[in-house]
Amino acid sequence: MLDYIKGSITELNPAYAVIDNHGIGYMMNISLSTYDSISRAANGETMLYVYEAIREDAHLLYGFATKQEREAFLLLISVSGVGPNIARMVLSSMTVDEFTQAIASNNVAMFKSVKGVGGKTAQRIIVDLKDKIKPTGDTLLQQAGQPAGQSFDEALAALVMLGFPQQASQKTLKSLFSSKPTLSVEEAIKQALKMM
C-alpha cells in the first residue's frame, strides 16, 4: 500500500498530475484543491498522499496535497453510491473545511450543487458521515489571480476532462470571466460546476 509519492511534477492540469519518482512517472488523479496547492510547488517538487483504487480493469491512483483531504475522500467513498470520481468532484467543489461544515450544518443543497450528486446521495453523505467528521483547522490557500486568458483555458480544459460539453463549458466560463476577469482557475471551475 502506497502512503505518499514524492518527486518532481512532469505534467500538471486540474484533473491529474504526473509525478516522477526515480524515473517512474505516477499518474495521480487530483482534485482542484490539490491542483491549486501543488501548482505553486517550489522547483516543481511535491509530495502527494495516495489512495490506490485497484479494480479488475484498472489500477488508479488518487493524489492529495494534505492528509485531511485524503481522509475526507476516504470518508466519502465509504458512503454507499459514492465512488472515487464523485468524491473527487465533491472535493473539487469545496475545501475540506467547507465539506466538514456542510455535513455539520446538514447543508444538503451544497452537496446537491456538485455534478453527479442527487438529493438522496447528498442526504446519505450527511447521515453516514455526521458522526465520523472531525473539525479541522486546515484552510487551503486560494490561488492568486492569473491572467484571465490562461485561467479561462485551464478551467475550460478541466471542465471538458470532467465530462462537460465544450460549448456549454465555454458559455458558462465566458459569463463568469466577464463579470470577474481576475477569477482563479479553481474558483472559476467551482462556480462553473454549480452553474452547469
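Structure shown above.
The following paragraphs examine the structure supplied in this document. (Residues numbered from 1 in each chain as written. Predicted model: local features only at pLDDT ≥ 70, side-chain atom pairs only at ≥ 80, totals over all residues. Heavy atoms only, no water.)

Regarding the environment of Thr121
Now for step 1: The residue Thr121 is located in helix 6 (residues 119-129) in this model.
Now for step 2: Thr121 gets classed as buried once you look at its relative accessible area, which sits at 15%.
Now for step 3: Each C-alpha atom of the pair Thr121 and Ala15 lies 23 Å from the other, and the pair is 106 residues apart in sequence. (Helix = DSSP H or I, 4+ residues; strand = E, 2+ residues; numbered from the N terminus. Buried < 20%, exposed > 50% of the residue type's maximum accessible area, 1.4 Å probe, protein only.)

Structural notes on the pairing of strand 4 (residues 45-54)
Now for step 1: The element strand 4 is largely enclosed, with a buried count of seven among its 10 residues.
Now for step 2: As paired strands, strand 4 and strand 5 (residues 59-64) are joined by six bridges and run antiparallel to one another. Each residue of the ladder has a partner; that of Ala53, found in strand 5, is Leu60.
Now for step 3: Turn length for the strand 4-strand 5 hairpin, with the two strands adjacent in sequence and antiparallel, is four residues. (Pairing = 2+ DSSP bridges.)

A look at the pairing of strand 3 (residues 24-29)
Now for step 1: Pairing between strand 2 (residues 16-21) and strand 3: six bridges, direction antiparallel. Residue Asp20 lies in a different strand from strand 3, and its bridge partner there is Gly25.
Now for step 2: Linking two consecutive strands that pair antiparallel, namely strand 2 and strand 3, is a turn of two residues; a positive phi of about 55° is found at His22 within it.
Now for step 3: Of the strand pairs in this sheet, strand 3 and strand 5 are connected by two bridges, and their pairing is parallel. Bridged to Asn29 within strand 5 is Tyr62.

Details of the side chain of Glu52
Now for step 1: When you line up the elements, Glu52 lands in strand 4.
Now for step 2: Buried and unpaired, Glu52 has no salt bridge, with Arg70 as the nearest side chain of opposite charge at 8.7 Å.
Now for step 3: Separated by 3.0 Å, the side chain of Glu52 and the backbone nitrogen of Leu2 make a polar contact.
Now for step 4: Here His59 takes part through its side chain, which lies 3.2 Å from a polar atom of the side chain of Glu52. (Lys, Arg positive; Asp, Glu negative; His and termini not counted. Salt bridge = Lys/Arg side-chain N within 4 Å of Asp/Glu carboxyl O. Polar contact = N/O pair within 3.5 Å; in protein donor to acceptor, adjacent residues only side chain to side chain.)

Focus: the pattern of salt bridges
Here the idea is simple: oppositely charged side chains can pair when their charged atoms come close.
Now for step 1: What the rule picks out here adds up to four salt bridges.
Now for step 2: The partner of Arg70 in a salt bridge is Asp3, with the nearest N and O atoms 2.9 Å apart. Highlighted residues: Arg70 in helix 2 (residues 67-77) and Asp3 in the segment before strand 1 (4-12), separated in sequence by 67 residues.
Now for step 3: A residue is classified by how much of its surface remains accessible, and Asp3, at 35% relative accessible area, is partly exposed.
Now for step 4: The salt bridge partner of Asp36 is Arg40, with a shortest N-O separation of 3.0 Å.
Now for step 5: Take Arg40: its relative accessible area is 39%, and that puts it in the partly exposed class.

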